Amino acid sequence: MNETEITAMVSGFAKANPETIKRLNAAAHEMLNYSREELTAKELEAAQVAFCLGGAWVIINQVNIIK
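Caption draft 1: Expanded view of the overall build of the chain. Each helix and strand counted, the chain has four helices and zero strands in total. Reading the helices (α) and strands (β) of the chain from amino to carboxyl end gives α-α-α-α. With the C-alpha coordinates of the chain rotated into their principal frame, the extents come out at 40 × 25 × 20 Å. For the chain, the residues scored as buried account for 19% of the 67 residues in total.

Here is the structure:
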């Protein structure tokens, strides 16, 4: 899979599952909260986005992981 295909798949998942994305975002916020003093705002935002993307990727591919 190339970057464009992955981006489209995760974007489609986010549009179809907004509640899941909200929960992933909340988990990322809580998990990264302790790092607020160590990271710049941009670094914190990037880490939160990365966490959400990774979480969405795992959920999307859960069927393939189980096989």
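Caption draft 2: Structural detail: the confidence of the model for the chain. With 93% of its residues at a pLDDT of 70 or more, the chain shows a mean pLDDT of 82. Element-level pLDDT for the chain is lowest in helix H4 (residues 62–66), with a mean of 62, against a maximum mean of 87 in helix H2 (residues 18–32).

Caption draft 3: Inspection of the pattern of salt bridges at higher detail. According to the stated counting rule, one finds one salt bridge in the structure shown. In this structure, the salt-bridge partner of Glu-19 is Lys-22, at a minimum N-O distance of 3.4 Å. With a gap of three residues between them, Glu-19 and Lys-22 both fall in helix H2, about one helical turn apart. Judged by its relative accessible area of 47%, Glu-19 is partly exposed.

Caption draft 4: Inspection of H2 at higher detail. The end-to-end C-alpha distance of H2, which contains 15 residues, comes to 21 Å, matching closely the 21 Å that a straight helix rising 1.5 Å per residue would cover. Considered for burial, the residues of H2 that qualify are Thr-20, Leu-24, Ala-28 and Leu-32. When H2 is viewed along its axis, its buried side chains cluster within an angular range of 90° and face the same direction. In H2, the exposed positions that point more than 90 degrees away from the buried face belong to Lys-22, Arg-23 and Glu-30. Structurally, H2 contributes buried residues whose contacts are with helix H1 (3–16) and helix H3 (41–60).

The rules behind the values
Throughout this document, residue positions are counted from 1 along each chain, in the order its sequence is written. Where local features are concerned, this predicted model is filtered to residues with pLDDT of at least 70; where side-chain atom pairs are given and counted, the filter is 80 or more; whole-chain, interface and lining totals use all residues. Side-chain descriptors were evaluated using all non-hydrogen atoms of the structure, hydrogens and water having been removed beforehand. Helix numbering and strand numbering both begin at the N terminus, where a helix is a DSSP run of H or I of at least 4 residues and a strand a DSSP run of E of at least 2. Throughout this description, buried means an accessible area under 20% of the type-specific maximum (1.4 Å probe, protein chains only), exposed means over 50%, and partly exposed covers the range between. Confidence of the predictor at the level of single residues is given by pLDDT, which spans 0 to 100. Basic side-chain nitrogens of Lys or Arg form a salt bridge, by our definition, when they fall within 4 Å of a carboxyl oxygen of Asp or Glu. Here, expected helix span is obtained from the residue count minus one, scaled by 1.5 Å. This arc is built from the directions going out from the helix axis to the C-beta atoms. Contacts: residue pairs with any heavy atoms within 4.5 Å of one another.

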